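# Secondary and tertiary structure notes
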Amino acid sequence: MKLFKLFLVLSLVVFFTSSNSGLAVITGSAHDFSGQSWNTSGEICLPCHTPHNASATNKPLWNHAVTTASFTVYTNGTIQATIGQPDGSSKLCLSCHDGTVALENFGSTTTGTHFLTSADPEFLGTDLSNDHPVSFTYNTALSTSDGELYDPAVKEVGAAGSGTIQNRWLESDKMQCSSCHDVHNTPGIAKMLRKSNAASALCLTCHNK
Amino acid sequence: MKNKLTMIIVGIILIFFVSLLHSEKISNTKHNLSVSGPGTVKAASESEICIFCHTPHAAAKTPLWNRTDPGQTFTLYSSSTTNATIGQPDGASLMCLSCHDGTIALGSVVSRTSAISFGSVTTMPAGNTNLTKNMTNDHPVSFVYNSALATADGQLQQPASITPPVSLYNTKVQCTSCHNPHENTSIKFLVASSQNSALCVSCHNRTYWSSSTHKTSTKTWNGTSPNPWFHTPWTTVTTNACESCHNPHNAGAVRNMNYAAEESNCLSCHNGNVASTNIQTQLNKTYKHNVAGYTGVHDPTEANIAVTQHVECVDCHNGHASNANAASAPNVKGSLLGVKGVDTDGNNVDPSQYEYQICYKCHSSSSWRPGSPTTRQIAQNNVRLEFDPANPSFHPVESAGPNPNVPSLISPWTTTSKVYCSDCHASDGTSVPKGPHGSTYAQILVKQYVRVDNTSESAANYALCYTCHSRTSILGDNSFREHNKHIVGEGSNCNICHDPHGISSTQGNSTNNSNLINFNTAVVSPSSSGILRFDDQGLYHGRCYLTCHGQNHNPYTY
């Protein structure tokens, strides 16, 4: 954990000092808030991370106010997974995307006025029943009981050697927003997806339909 | 930098192939509506496959549904035998109909502001896959299938015993009970193979079916049009099973029958093209049970005594039950198994145990029963009354005859034998299927039975009677000693003196109507003293008061 913190601090530092960083793809992406009026810091990382005084409960070096909303989660008679309240990084995403926390409520700001609203296509709201389920364990057992899911411990996210779903896309075996999205837009794919969904390749990485 | 780019390109190509490998289920099916799909109805350029039905965010409803429901009122399936309460399509069925009712553009999805282009196609093209808003000819969906329904129907599996791949959804039958839209490992996206109707029988447990020839026969089609199995890939009776007669979608008639004309459902095979019994040829004859003459009159729930005149194959046969089992009179043969009827006392029976019980549905007390072709002294056309074992005389249909002395009987017939109605009433000719389907002889008689006065006697003219009654014996006057004189000498036919069915005990008696005596009044008239009567005077003795062929018997005693 110490090591991780060190790495994050380092990369934040590296980013600020080198424009050639691998994280540079966030620049100019939908998550590059450096030019936003509400982001008085003018920085890219700060709305979400801070190298100092970060939230102790929310990794990684989280700087943004975290949602306390209660969510309506996805349910369906046919679903095998047990869907809980959003946790892990999904909760961090929803801290902006549920529309209950102001975008500029990071650092010491607590009284921001810019919210994502239902008029924005990026608004998910607190009703997640119409969104792909997140924050549930997706393991070999689930893939077996569902019958039409790939085994995440075996199935690779791309070509041979690209790593398994479990290692690359899941957080402690859990499906999260980050299973489909790369918040930093690293691969540079539309909608910040981890993998292009052309030919529904993203969906069909997990779903054996 | 160049190297990196090549790596990325190679990576993308690899990912593409890997994703192809992993998407083998839906991607090779017609439900891959993307540009890569194998079907003809597909998007012009959209590459995403799931998008036509699912979206990860802001879905219209579960399961992440990307389409709007058809805001239509559907005309629902209904039939007189339906126990279920069939509602407007809901659940998954409604989702399927958002393409398959033909009202919504195929490319219209919630996650896109404008519909995905399907080239020249907008909504589902007309044809089998477009069910339209008319669901009357499709297997019903969106109804609760609980144990009460199974009990009420009586021929359904208990829902508890229905197991995957067939499933109920919130206790309801939906399109997805039979279809898996993601997978086409069987045919037509079915959850299990329809071969041998395996899918149908996971819910339907038809009485008799297990021993029916329609379940077991391995007969094939001879290739002469029309194809009896036009909606399946199966090539034998047993593999087509239910679908030989039923069509789960776009059916020809209620109860998902293939054809609207009831008999067509049978004759599509019984026309020489599949079944060994070519019934169609028989029905083309002059005298027949005219099944082609009625459409939409027969109903399975109709009273045993048919109220409205009609006849269909299914009035006498139960397609779920029929088999080739043999039987002896009066018991029903395999071909007549599982059919309701009317017993000797006029009570309803289901199923009929005896063949005549089936005939009595129409030929006893129905208001429209066919009349008698002969005008007789005692008129009766309620066949049930004519064969009543309490009658003074009758052909032994219900029980052995009352007369212990019938010297003309040809072995193996004896006075304790019983006969079927269909021993006399059946298709004529050699090697024809049994049963009263059609004959060149009136009354659908199996052989010639001339009823014209002044007929010269011959084996052929009275072939019907001579089948059981020895011509030599009759003409040798073994019983009535004036037989020869009347039949050969006068050219009188059997039918003038004898009433072949019997004389009802409500009208006749054992003195005047023994030996099936009931005169044809078109030929026989009263004697000079105004009496028309036969008196039985013991074995082979009697007395007649009548006038016939100019002869006055007043009386004639023998």
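Residues numbered from 1 in each chain as written. Chains lettered and ligands numbered in written order. Predicted model: local features only at pLDDT ≥ 70, side-chain atom pairs only at ≥ 80, totals over all residues. Heavy atoms only, no water.

## What about the interface of chain A and chain B?
Heads up, the rule is: By definition, residues are in contact when any of their heavy atoms lie within 4.5 Å. By buried area we mean how much accessible surface two parts lose on assembly, using a 1.4 Å probe and totalling the loss over both. By convention in these notes, a salt bridge is any Lys or Arg side-chain nitrogen within 4 Å of a carboxyl oxygen on Asp or Glu. N or O atoms within 3.5 Å of each other form a polar contact, as long as, within protein, one can give a hydrogen and the other can take it, and as long as residues adjacent in sequence are counted only when both atoms are side-chain atoms. Asp, Glu, Lys and Arg are counted as charged, while Ala, Val, Leu, Ile, Met, Phe, Trp, Tyr, Cys and Pro are counted as nonpolar; the rest, among them Gly, fall into the polar class.
Taken together, the 26 residues of chain A in the interface contact 24 residues of chain B. Counting each side, the surface lost to burial between chain A and chain B is near 2,000 Å², with a carbon and sulfur contribution of 61%. Linking chain A to chain B there are one salt bridge. The partner of B:Lys25 in a salt bridge is A:Glu148, and the shortest N-O contact between them spans 3.3 Å. One can count 13 residue pairs in polar contact (both at pLDDT 80 or more) joining chain A with chain B. Taken together, the residues of the side of chain A that touches chain B sort by class into ten nonpolar, eleven polar and five charged.

## A short note on helix H3 (residues 91–100) of chain B
Residue and element names in this part refer to chain B. Short version of the rule: Burial classification: accessible surface area is computed with a 1.4 Å probe over protein chains only, and a residue below 20% of its type maximum counts as buried, one above 50% as exposed, and the rest as partly exposed. Only runs of H or I of at least four residues qualify as helices and only runs of E of at least two qualify as strands under DSSP, and these elements are numbered from the N terminus.
The buried fraction of H3 is high, at seven of ten residues. Ala92, Ser93, Leu94, Met95, Leu97, Ser98 and Cys99 are the residues of H3 that are buried. On its buried face, H3 is in contact with helix H5 (175–178). Downstream of H3 by one or two residues, Gly102 has phi in the positive range, about 75°.

## Some details on the pairing of strand E10 (residues 542–548) of chain B
Residues and elements named next belong to chain B. Selection criterion: Two strands are counted as paired when DSSP detects at least two bridges linking them.
Of all seven residues in E10, five are buried; the element is thus mostly enclosed. Bridge analysis of strand E9 (residues 533–536) against E10 gives four bridges, and the strand direction is antiparallel. Pairing of Asp535 across the sheet is with Arg543, part of E10. Adjacent in sequence and paired antiparallel, E9 and E10 are bridged by five residues, among which Gly538 carries a positive phi angle near 95°. Pairing geometry for E10 and strand E11 (residues 551–557), over five bridges, is antiparallel. Each bridged residue has a counterpart across the sheet, and for Thr547 the counterpart in E11 is Asn552.

## Notes on unusual backbone geometry
All names here are of chain B. Cis geometry marks the peptide bond from Ala329 to Pro330; its omega dihedral reads 0°. The topology assignment puts Pro330 in the loop between helix H11 (313–316) and strand E4 (341–342). The linkage connecting Ser411 with the following residue, Pro412, adopts the cis geometry, with an omega of 10°. Secondary-structure assignment places Pro412 in the loop between strand E6 (393–394) and helix H14 (421–424). With a phi angle near 50°, Ala58 is a residue other than glycine that sits in the positive phi range.

## Quick notes on the packing of aromatic side chains
Put simply, the test is: Aromatic pairs are defined between Phe, Tyr and Trp rings, using the six-membered ring for Trp, whenever the two ring centres lie within 6.5 Å; interplanar angles under 30 degrees are classed as stacked, those over 60 as edge-to-face, and all others as tilted. Only when the NZ atom of a Lys or the CZ atom of an Arg is both within 6 Å of the ring centre and within 35 degrees of the ring normal do we say a charge sits over the ring.
This structure, assessed with the given rule, holds seven aromatic pairs over all chains. Ring centres 5.0 Å apart and planes at 50° place the aromatic pair A:Phe33 and A:Trp38 in the tilted group. Using a relative accessible area of 9% as the deciding quantity, one classes A:Trp38 as buried. Here B:Phe480 and B:Tyr558 contribute two aromatic rings whose centre-to-centre distance is 4.7 Å and whose plane-to-plane angle is 65°, an arrangement assigned as edge-to-face. Taken together, the residues B:Phe480 in the loop between helix H16 (471–475) and helix H17 (483–489) and B:Tyr558 in the segment after E11 connect sequence positions 78 residues apart. Here the aromatic residues B:Tyr354, B:Tyr356 and B:Tyr360 are joined through ring pairs into a cluster of three or more. Over the ring of A:Tyr150 we find A:Lys155; its NZ or CZ atom is 4.0 Å from the centre of that ring. Taking the ring centre of B:Tyr420 as reference, the NZ or CZ of B:Lys333 above it sits at 4.6 Å.

## Brief notes about the state of the cysteines
Residue and element names in this part refer to chain B. Our working definition: Whenever a pair of cysteine sulfur atoms sits within 2.5 Å, that pair is classed as a disulfide.
Enumeration according to the criterion identifies zero disulfides over all chains in this entry. Its sulfur unpaired, Cys53 is 6.1 Å from the next cysteine sulfur, which belongs to Cys99. For Cys53, a relative accessible area of 28% corresponds to the partly exposed category. Here Cys359 is not cross-linked by a disulfide; its sulfur's nearest cysteine counterpart is in Cys421, at 3.8 Å. Given a relative accessible area of 24%, Cys359 falls into the partly exposed group.

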